[in-house]
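Coordinate inspection notes
These are the residues of each chain, in order.
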Amino acid sequence: MSFAGSHYDFSDKARAYGELARDLGALLAGERHWIANTANATALIFDALPDLNWAGVYVPTTNASGVRELVVGPFQGKPACVRIAMGSGVCGTAAARRETIVVPDVTAFDGHIACDSASRSEIVIPLLRAGHADAAFVGVMDLDSPRLARFDDADRAGLERMAAILAAACDWPA
Ligand code: SME
């Protein structure tokens, strides 16, 4: 099976995300390690979607003071900030609210954490496992773009579908 990004035609986003979701399912089949699967999922997305400069995940962990925060996981793009407090930046806000946040202009988001100065817009999708009431939240998926207002409602719907597939496909750390 080939996962070359060039065969996804995002002039029809619903169709392209449908194909990408199918390919993500195939790519992750037979493996449940969260590092392996988030690495391959973010590589697939970064290769397939036009106009991205960063794609990766942050996962929850407990710091030395016993406080829960986010730590960076597998990604594609420039080196990123390692730890983000719950409620901080776009990632920490999406994590705290357990909901997708679309930021059309990162300079207009109060508290945005700039990792790559090329980023102009951003979407962060929580990774939530269906059917796990107490442990539903397992991380966030973060995509950055050098283009203003890169992510629309079709991207949100398509990427939430990808996030659901990824969340269900992994055994996550406690
Ligand atoms: N911009 C994010 C930080 C992560 S980097 O973009 C990779 C934020 O505000 O949470």
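So, how was this worked out
- Residues numbered from 1 in each chain as written.
- Predicted model: local features only at pLDDT ≥ 70, side-chain atom pairs only at ≥ 80, totals over all residues.
- Heavy atoms only, no water.
- Near = heavy atom within 4 Å.
- Areas by Shrake-Rupley, 256 points an atom, 1.4 Å probe, with all protein chains shown as cover.
- 1 Å grid on protein atoms, 1.4 Å probe; cavity = no way out; pocket = protein on both sides within 12 Å on 5 of 7 lines; lining within 4 Å.
- Sits in = over half its atoms within 2 Å of the grid points.
- Helix = DSSP H or I, 4+ residues; strand = E, 2+ residues; numbered from the N terminus.
- Nonpolar A, V, L, I, M, F, W, Y, C, P; charged D, E, K, R; others polar.
- Salt bridge = Lys/Arg side-chain N within 4 Å of Asp/Glu carboxyl O.
- Buried < 20%, exposed > 50% of the residue type's maximum accessible area, 1.4 Å probe, protein only.
- Disulfide = S-S within 2.5 Å.

Quick look at the site of the ligand
In the vicinity of the ligand, 13 residues are found, and the nearest of them are Val90, Cys91, Ile113, Cys115 and Asp144. When the free accessible area of the ligand is taken as 300 Å², the share hidden by the protein chains comes to 99%. Of all the cavities here, the one that holds the ligand is the largest cavity. Elements with a minimum of two residues in the shell around the ligand: strand S1 (54–62), helix H3 (89–97) and strand S6 (137–145). The dominant element in the shell around the ligand, judged by the number of residues it contributes, is H3, at three residues. Here the shell around the ligand is composed, by residue class, of eight nonpolar, two polar and three charged.

Here we look at the pattern of salt bridges
Evaluation of the coordinates by the stated rule reveals 10 salt bridges. As a salt-bridge pair, aspartate 155 and lysine 13 come within 2.6 Å of each other at their nearest N and O atoms. Of this pair, aspartate 155 sits in helix H4 (residues 153–169) while lysine 13 sits in helix H1 (residues 13–28); the two residues are 142 residues apart in sequence, bridging distant segments of the chain. Classification of aspartate 155 by relative accessible area gives buried; the value is 0%. As a salt-bridge pair, glutamate 160 and arginine 156 come within 3.9 Å of each other at their nearest N and O atoms. Pair noted here: glutamate 160 and arginine 156 are both in helix H4, with a separation of four residues, about one helical turn. The class of glutamate 160 is partly exposed, set by a relative accessible area of 33%. Taken together, the shared-partner salt bridges connect Lys13, Arg150, Asp152 and Asp155 into one network.

Considerations on the state of the cysteines
Every disulfide links exactly two cysteines, by a covalent bond between their sulfur atoms. Applying the stated rule across the entire model yields one disulfide. Between the sulfur of cysteine 81 and that of cysteine 115 lies a disulfide, 2.4 Å long from S to S. Separated by 34 residues along the polypeptide, cysteine 81 in the loop between strand S2 (68–77) and strand S3 (83–85) and cysteine 115 in the loop between strand S4 (101–103) and strand S5 (121–128) bring together distant segments of the chain. For cysteine 91, which is in no disulfide, the shortest distance to another cysteine sulfur is to cysteine 81 and amounts to 7.3 Å. On the basis of relative accessibility, which here comes to 4%, the residue cysteine 91 falls in the buried class. Cysteine 91 supplies the cysteine sulfur nearest to cysteine 170, a cysteine that is in no disulfide, at a spacing of 17 Å. A relative accessible area of 1% means that cysteine 170 is categorised as buried.

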